[in-house]
Amino acid sequence: MEKYKRYLVPLFFLVLSIIGIIGAGVSMNFVLSELYARFVRNGIFVIALLIPIMAGMGINFAIKVGALAAHTALIIIADNQIYGLKGFLLAILISTVLSVILGNIIGYILNKAKGKEMITSIVIGFLATNLYQLLFMVGYGTIIKAKNSEIMLSRGIGLRNNIDLAEFKKLFDGILTIRVGDTNESLAPVIIIVVVALLVYYISGSRIGHHIKAVGGNINTSQAVGIDTNRVRRIAIVISTVLASLGQIMYIQNIGMLNIYTDHLNIDIFSAAALLVGGATLKNANIRNAFIGVLLFHTLFIVSPLAGQNLFKHAALGEYFRSFLAYGTIVFAFIMNLRYESESKL
Amino acid sequence: MDSILKVTGLTKKYEDNYALNKVDFELKRGEIHGLVGANGSGKSTFLNILFGNSIIRETGGYSGEIIIDKENTYIKDTSSAVELGIGMVHQEFALIGDLNIASNIKINRENLNKKTEKILGKDFARVDVKRNKEDSEKALSILGIDIDPSLKVFNLSTNIKQFVEIAREIDKVNLKILMLDEPTASLNEEDSKLLLSSLKRIKEQGSSIIFISHRLEEVVEICDRITIFRDGEVVSSYSKEAFDIPKIAMDMTGKKVVKTLRKEKDIKENILLSFKDVEVNYGQRNTKGISLDIYEGEILGITGLAGHGQDIFPYGLMDVYEMSGDVRFNGEKIVPGDIEDITKKGIYILPDERKEMGLLLDSPIWKNIVFSSCHLSTEFLKIPWFKSFSPLKSNAMYEHTDNMIEDLNIKCRDKYQLVRELSGGNQQKVCLARAITTKPKLLFVGEPTRGIDLYSKELILDMLLETNIQDKVTIVVSSGELGELKRICDRIVVMYEGKVFDILKPDDSDQAFSLAILGARRVDSEK
Amino acid sequence: MKNKKVQIPQIIICIYLLILLVVVNVIGIPIVGIINESFIKWAMNGVLVLSLVPMINVGAGMNFGMPIGISAGLIGLCIAIELRLQGVIGFITAMIVGSLIAIVFGLCYSKILNRLKGKEEIIGTFAGFSFIPIMNFFWTLVPFKNRQMLYPVGGKGLRPKISLKNYFEGILDNSLVVKIGEFQIPVALILFFLILCFLIQYLYRTRVGHVMTAVSENEKFAQISGVNINKYRTKGIILSTILAAIGICVYSQSYGFVELYDGPFMMAFPAVSAILIGGASSKSATVKQVLIGTYLLQTTYLLSIPVANAILVPEITEVLRMIITNGIILYAFLYKGGSKKYGKI
């Protein structure tokens with residue numbers, strides 16, 4: 001019984017998805033090709049949440065900051081008009097460097113707020129968004145001069161909302177093409193995601209991975225046996241931030257357009273919800289949870305507005321339903337997990 | 001045999017109290033050395049210093065000399081203790097439940113895959129799980145345990161956990177001194193025997209062992225020498241041929257000249273509160289079949305070693321521990337955990353953890369004194385008809401506080417001073433003042449004199465007696481200070497392993513008490 | 001030392017305020033107008049900030065789940081509009097209905113929070129967030145008939161921004177305005193706010209308030225003294241929810257619109273920030289801190305608008321406002337009782 005319990009949540013969402021697909025009255029092919037896009041766009045974010053959970057820090061809502069690092073890198077690339085594979089790799093390099101720096105800062109802050117990591121990481125996410133807006137809405141044109149005037153607003157201060165990155169969208173075209181639903185897609189992004197997943201798997205088996213799990217299991221004991229717990233927690237956050245920045249680059253590559261001020265906004269919530277849908281808890285999460293979660297959660301995401309339109313003649317209802325799902329899943333997970341935590345203490 | 005560890009003049013002070021006072025101690029190479037002593041005798045502080053526990057550093061460090069392997073050292077933190085070759089097995093398990101046995105044994109000393117270490121550095125090198133497992137098996141086999149090291153620790157039984165913890169220590173290559181703090185407390189007889197014999201094997205491998213236990217038979221059986229601590233000092237030390245259990249027990253508790261404060265009272269066996277066959281869950285323990293009657297008008301003492309359940313009665317009633325069963329107050333059935341009803345009926349509790357549970361440290365004295373009465377009675381309500389929404393009579397509250405400060409001689413600036421700023425003794429007086437203000441029928445007091453200077457101790461004991469006689473309050477005092485209980489109590493309950501082990505008269509002999517506390521039957525002592 | 005730390009956010013805000021004042025002076029914007037406006041902003045947001053106090057003082061932390069109480073108030077407002085109640089009667093109806101609904105919502109909310117003690121802030125945040133889509137269902141499906149609040153096209157579902165023009169816009173702002181020279185003081189609005197403040201202040205002089213503050217200071221102490229903790233927490237949480245409902249009514253009459261749908265999403269954050277500036281912690285808060293904190297924060301918001309316009313980037317107002325808000329909250333997490341020492345050993 002105990003063993004099957006953790007499959008309850010994914011099963012529940014599987015049933016919901018099936019009802020949604022039927023209710024929406026869409027073809028399986030449509031769902032598949034949409035799902036491919038969403039898997040490519042969101043897969044790495046969900047994986048990025050795994051390591052902080054292992055370290056006992058809960059869900060790292062500050063993965064938003066990694067996404068912002070990716071935006072910054074892409075803006076620099078666009079400003080200097082370096083496109084193609086070279087630009088893509090350079091973007092990854094810049095965003096990784098930025099993420100390492102930012103990850104260290106976030107880790108430092110979260111170490112100061114032990115026991116309140118999740119709410120603190122939410123506020124960090126908000127604050128980082130604001131500072132980012134300040135930089136690109138006001139900083140550009142006043143302090144920083146853009147080389148590429150196309151990305152600037154006509155008033156001369158601040159960047160435009162969108163930057164066209166269609167060049168990157170073509171990057172994987174024609175490589176390892178497979179047929180997904182109604183469209184031809186490249187397998188390359190999927191391979192990248194699998195490689196990232198393997199990387200996380202490797203890290204969890206390395207020395208630092210063992211320490212991360214030890215710190216997550218019991219921070220006091222880990223400290224007592226001589227592990228530098230603060231350092232381990234900081235490294236966990238750095239890894240998470242770096243992965244998130246890579247995730248955001250994949251996301252934007254797939255869309256081919258960067259919405260400077262909005263693209264990062266809900267990724268933390270949706271990724272967290274997806275992971276939890278996959279059967280993860282706040283203390284325990286693995287790669288399987290991540291993959292199952294992404295597929296189930298995004299299936300629902302695709303079909304619920306359509307189902308709302310179809311069943312209630314109201315597309316908005318489906319939309320409300322899915323945002324309720326995202327937040328509701330998280331609340332539900334909190335209630336289940338944290339109660340368990342307080343019970344096991346007795 | 002030369003000595004591996006030599007300690008001279010070790011002293012540790014917590015605020016004004018000496019936890020250790022000029023302790024000399026010697027551990028010879030390859031011996032098992034037993035440490036015994038009552039609670040608060042300084043054994044734990046001694047081990048904490050040797051293992052570099054952070055609490056020592058945070059409270060001002062220690063003074064004295066520690067020589068390990070002929071080298072004079074200062075142990076500043078845990079990792080330097082580990083480097084010096086000291087290993088410690090804690091009373092509460094320092095294991096990580098989510099990891100498997102091998103990972104726990106090899107924690108922070110993992111075997112790494114050499115190739116990946118070279119390329120990726122130490123942190124990101126792959127852990128060689130197979131070699132970890134082999135090492136773990138080896139360490140466990142020294143202890144005589146045959147178990148699969150890939151099992152997760154939280155599934156294991158307590159006794160196996162204890163062995164895993166020891167295995168972690170003996171796996172250390174440079175282990176010189178192994179310290180065990182009550183390793184058999186959570187084991188049954190059979191496992192205790194297994195553990196003791198494996199300790200002998202560890203000793204044969206060349207490590208020296210410091211062994212703490214309250215089970216004297218074990219200590220006598222396994223140790224080469226025994227040192228007895230009392231009140232932060234070493235009182236005596238015996239080697240194998242001079243072991244004598246009753247004598248050791250006496251050394252532990254000490255002969256105290258007891259001047260009885262109480263006057264003979266005529267206590268009719270009128271039951272005020274009775275526990276009949278109740279069940280209590282506390283910590284990770286569960287005890288069934290506990291019974292106790294408390295008579296009206298008496299002062300009942302409850303004593304025992306820490307963790308043996310001196311506090312289960314008040315905490316069980318107040319929902320701190322889970323209690324169920326037949327509890328009657330004045331013959332009327334009450335439900336343990338229904339805290340509002342219980343306090344309204346006139347049972348009041350002053351907890352042993354005074355600062356954590358007994359006071360509002362950041363509130364002024366007056367609030368601490370009148371709080372419970374405001375909550376329980378209508379005494380301080382301006383318009384009682386408003387019930388809870390009535391404003392409070394500030395003048396009456398202040399006046400009452402002033403009276404209390406004067407009556408109990410609480411030393412403070414004024415009634416508005418924060419309780420945090422008062423000394424321990426005055427804080428306890430504030431607690432008592434609050435209890436008296438509620439005019440309870442039955443008062444539970446936990447460790448009334450803990451952390452309090454000598455002069456205030458007397459005052460507080462006097463106060464308890466006065467409250468008992470003048471205000472006719474039945475009092476239950478739980479305390480590890482046997483001497484004090486003997487002075488004020490009419491009967492003394494000895495708790496052992498969560499149960500009422502024996503009820504003694506205050507004028508029973510010290511030996512009877514010391515043996516009862518250690519769980520030995522009275523019949524034995526009378527032989 | 002400890003007291004000094006508490007005041008750092010206040011000091012920063014005051015310095016920032018002074019800088020803004022100087023800039024505003026240099027630009028040449030009349031200061032009187034801003035002061036008049038600041039009174040309105042103060043009382044308009046004050047009740048929402050005040051609503052945090054009961055929950056903090058019963059040990060349930062900052063109420064990040066404020067959208068729940070706000071939603072109750074919004075339902076009250078919508079019902080008053082649906083019944084076409086104008087003026088004072090409409091406003092009072094909105095508050096009464098809103099409060100009644102808030103009692104129900106608060107009761108459910110407290111059930112969740114009481115199960116998860118010590119994690120109220122994160123739970124509250126997400127409980128509040130997830131309540132928004134639930135309410136969105138309600139706004140879309142509720143069979144209200146008053147066309148002034150429905151979508152102009154299709155006539156189904158409530159519109160996101162309902163004007164209060166024909167109902168009770170400015171009912172408090174514009175009543176009993178006392179003019180002293182150029183200064184205009186909205187007496188009714190300020191009086192209403194102060195009366196609520198007084199009532200809360202009074203609460204903490206009664207037996208209930210006395211016990212509540214003890215619960216938040218030391219829960220174990222209260223338990224040992226025979227206090228039923230959950231009962232008092234429930235009372236505090238419901239009271240906070242009711243005040244949030246009343247708060248949004250006061251806010252909306254000033255603002256002139258009822259904002260539905262995602263409107264209440266981020267409303268908890270400025271309120272939390274304001275009370276922190278006032279010097280509150282997540283364990284204790286006073287009415288005085290509400291008054292000071294709200295005034296300081298709202299006035300900095302107000303002053304940054306003309307300054308931002310002057311440098312031609314109007315969006316910056318909002319960004320700066322959020323930076324202040326979130327920065328102060330983050331600071332509080334890090335330096336006020338956030339990092340408790342782990343364990344004893």
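Here is what the cut-offs are and how they apply
- Residues numbered from 1 in each chain as written.
- Chains lettered and ligands numbered in written order.
- Predicted model: local features only at pLDDT ≥ 70, side-chain atom pairs only at ≥ 80, totals over all residues.
- Heavy atoms only, no water.
- Helix = DSSP H or I, 4+ residues; strand = E, 2+ residues; numbered from the N terminus.
- Rg over C-alpha atoms; globule rule 2.2 N^0.38 Å.
- Buried < 20%, exposed > 50% of the residue type's maximum accessible area, 1.4 Å probe, protein only.
- Contact = heavy atoms within 4.5 Å.
- Areas by Shrake-Rupley, 256 points an atom, 1.4 Å probe, with all protein chains shown as cover.
- Lys, Arg positive; Asp, Glu negative; His and termini not counted.
- Charge placed at Lys NZ, Arg CZ, Asp CG, Glu CD.
- Core = buried A, V, L, I, M, F, W, Y, C linked by side-chain atoms within 4.5 Å.
- Buried area = accessible area lost by both parts, 1.4 Å probe.
- Salt bridge = Lys/Arg side-chain N within 4 Å of Asp/Glu carboxyl O.
- Polar contact = N/O pair within 3.5 Å; in protein donor to acceptor, adjacent residues only side chain to side chain.
- Nonpolar A, V, L, I, M, F, W, Y, C, P; charged D, E, K, R; others polar.
- Patch = residues over 30% accessible without salt bridge, like charges linked within 9 Å, V, L, I, M, F, W, Y side chains within 5 Å.
- Pairing = 2+ DSSP bridges.
- Axes fitted to C-alpha atoms, helices over the stretch in contact; angles between N-to-C directions.
- Phe/Tyr/Trp six-rings, centres within 6.5 Å; stacked < 30°, edge-to-face > 60°.
- Lys NZ or Arg CZ within 6 Å of the ring centre and 35° of its normal.
- Domains from an automatic or database assignment.

**Looking at the overall build of chain B**
Helix and strand counts for chain B stand at 20 helices and 20 strands. In terms of overall size, chain B behaves like a compact globule, its C-alpha atoms giving a radius of gyration of 26 Å where 527 residues would be expected to give roughly 24 Å. Across the 527 residues that make up chain B, the buried fraction comes to 55%. When contacts within chain B are restricted to residue pairs at least 6 apart in sequence, those whose partners lie at least 24 apart make up 66%. With an accessible surface of roughly 23500 Å², chain B has 48% of that area assigned to carbon and sulfur atoms. The averaged location of the 84 negative side-chain charges in chain B is 2 Å from the averaged location of its 74 positive side-chain charges.

**Observations regarding the nonpolar core**
By size, the foremost hydrophobic cluster in this structure holds 240 residues, and its most contacted members are Phe61(A), Ile75(A), Phe126(C), Leu158(C) and Ile275(C). Not counting the four nearest positions on each side in its chain, Leu158(C) is found in contact with Cys78(C), Trp139(C), Val142(C), Phe144(C), Met149(C), Leu150(C), Tyr151(C), Leu260(C) and Tyr261(C). Within the second largest apolar cluster, 92 residues are counted, among which are Ile145(B), Ala167(B), Leu432(B) and Tyr496(B).

**So, the interface of chain A and chain C**
Chain A puts 41 residues into the contact, and the matching count from chain C is 45 residues. With both chains or domains summed, chain A and chain C bury close to 4000 Å², and 77% of this area falls on carbon and sulfur atoms. Its largest share of buried area at the contact with chain C, chain A owes to Ile119(A), Tyr320(A) and Tyr327(A), together 15% of the area lost on that side. The interface formed by chain A and chain C contains one salt bridge. Linking Lys116(A) and Glu121(C) is a salt bridge whose minimum nitrogen-to-oxygen distance equals 3.4 Å. The tally of links from chain A across to chain C stands at two residue pairs in polar contact (both at pLDDT 80 or more). A class-by-class count of the residues in the side of chain A that touches chain C yields 27 nonpolar, eight polar and six charged.

**A closer look at unusual backbone geometry**
Look at Glu447(B): it is not a glycine, yet its phi comes out positive at around 40°. Along the chain, Glu447(B) turns up in the loop between strand S17 (442-446) and helix H17 (454-470). In this structure, Leu176(C) is a non-glycine residue whose phi angle is positive, near 50°. Residue position: Leu176(C) is located in the loop between strand S1 (161-163) and strand S2 (177-180). For Leu176(C), a relative accessible area of 59% corresponds to the exposed category.

**Observations concerning the environment of Val88(C)**
Residue and element names in this part refer to chain C. With respect to the secondary-structure elements, Val88 resides in helix H6 (residues 87-115). For Val88, a relative accessible area of 53% puts it in the exposed group. Put simply, Val88 and Phe168 are 80 residues apart on the chain and 7.0 Å apart in space, counted from C-alpha to C-alpha.

**Remarks on a negative patch on the surface**
Residues and elements named next belong to chain B. A surface patch of like charges, here negative, comprises Glu406, Asp407, Asp462, Glu466 and Asp471. Elements supplying a minimum of two residues to the negative patch: helix H15 (394-407) and H17. As for its placement among the helices and strands, Glu406 is situated in helix H15. Relative accessible area serves as the criterion here: at 65%, Glu406 is assigned to the exposed category.

**Things to note about the sheet that holds strand S1 (residues 3-14) of chain B**
All names here are of chain B. Ordered by their spatial adjacency, four strands build an open sheet running S2-S1-S4-S5, and the pairing between neighbours is antiparallel. A single partner strand is all that each edge strand has here, and the edge strands are strand S2 (17-28) and strand S5 (71-73). On average, each strand axis in the sheet is inclined to that of its neighbour by 20°, with strand direction left out of account. Sheet topology note: the S1/strand S4 (residues 63-68) ladder contains five bridges and is antiparallel. Note on S4: the bridge partner recorded for Val7 is Ile66.

**Section: the interface of chain A and chain B**
Contacts between the two partners involve 22 residues from chain A and, on the opposite side, 21 residues from chain B. If you sort the residues of chain A by the area they bury against chain B, Tyr202(A), Arg207(A) and His210(A) come out on top, with a joint share of 35%. In this assembly, chain A and chain B are joined by nine residue pairs in polar contact (both at pLDDT 80 or more). Residue assignment for the side of chain A that touches chain B shows that the elements contributing at least two residues are helix H9 (188-205), helix H10 (207-217), helix H11 (219-224) and helix H12 (229-255) of chain A. Counting residues per element, the side of chain A that touches chain B draws most heavily on H10(A), which supplies seven residues. Of the residues assigned to the side of chain A that touches chain B, the class counts are 10 nonpolar, nine polar and three charged.

**Quick notes on the sheet that holds strand S13 (residues 299-303) of chain B**
All names here are of chain B. Within the open sheet, the six strands sit side by side as S16-S17-S18-S13-S19-S20. Their pairing is mixed. Sheet topology places strand S16 (347-350) and strand S20 (499-504) at the edges, where each strand pairs with a single neighbour. Between one strand and the next, the sheet's axes are offset by a mean angle of 20°, whatever the strand orientation. The pairing of S17 with strand S18 (residues 474-478) spans five bridges and is parallel. Paired with Gly446 across the bridge in S18 is Ser478. Here H17 sits on the sheet in contact with S13, S17 and S18, set at roughly 155° to S18.

**Re the packing of aromatic side chains**
Working definition: an aromatic ring pair is given by the centre-to-centre distance plus the angle between the planes. A full pass over the atoms with the stated rule returns 38 aromatic pairs over all chains. Aromatic pair Tyr251(C) and Tyr255(C): ring centres 5.8 Å apart, planes at 35°, arrangement tilted. Here Tyr251(C) and its partner Tyr255(C) are both found in helix H11 (residues 229-255), four residues apart, which amounts to about one turn of the helix. On the basis of relative accessibility, which here comes to 16%, the residue Tyr251(C) falls in the buried class. A relative accessible area of 30% places Tyr255(C) in the partly exposed class. When the centroid spacing of 5.8 Å and the interplanar angle of 65° are considered together, the rings of Tyr255(C) and Phe257(C) count as edge-to-face. Residue Phe257(C) is classed as partly exposed on the basis of its relative accessible area, which comes to 32%. Linked through ring pairs, Phe61(A), Tyr327(A), Phe334(A), Phe126(C), Phe129(C) and Phe265(C) together constitute an aromatic cluster. Here the basic side chain of Lys235(C) rests over the ring of Tyr232(C), its NZ or CZ set 4.7 Å away from the ring centre. Just above the ring of Tyr301(C) sits the side chain of Arg321(C); from NZ or CZ to the centre is 4.4 Å.

**As for the pairing of strand S3 (residues 183-186) of chain A**
Where strand S2 (residues 177-180) of chain A lies against S3(A), four bridges are found, and the strand directions are antiparallel. Residue pairing in the sheet places Arg179(A) in a bridge with Asn184(A) of S3(A).

**A short note on the domain arrangement of chain B**
Along its sequence, chain B is organised into domain 1 (1-85 + 174-256), domain 2 (95-173), domain 3 (258-346 + 441-527) and domain 4 (354-439). Using C-alpha coordinates to define each centre, domain 2 of chain B is positioned 55 Å away from domain 4 of chain B.

**A closer look at the pattern of salt bridges**
All names here are of chain B. Taken as a whole and judged by the stated rule, the model has 31 salt bridges over all chains. Close ionic contact of Glu169 with Arg168 constitutes a salt bridge, the shortest N to O distance being 3.2 Å. Of the charged contacts in the structure, one is a salt bridge between Lys345 and Asp341, with a shortest N-O distance of 3.0 Å. A network of salt bridges, in which partner residues are shared, links Asp2, Arg29, Asp69, Lys70 and Lys176.

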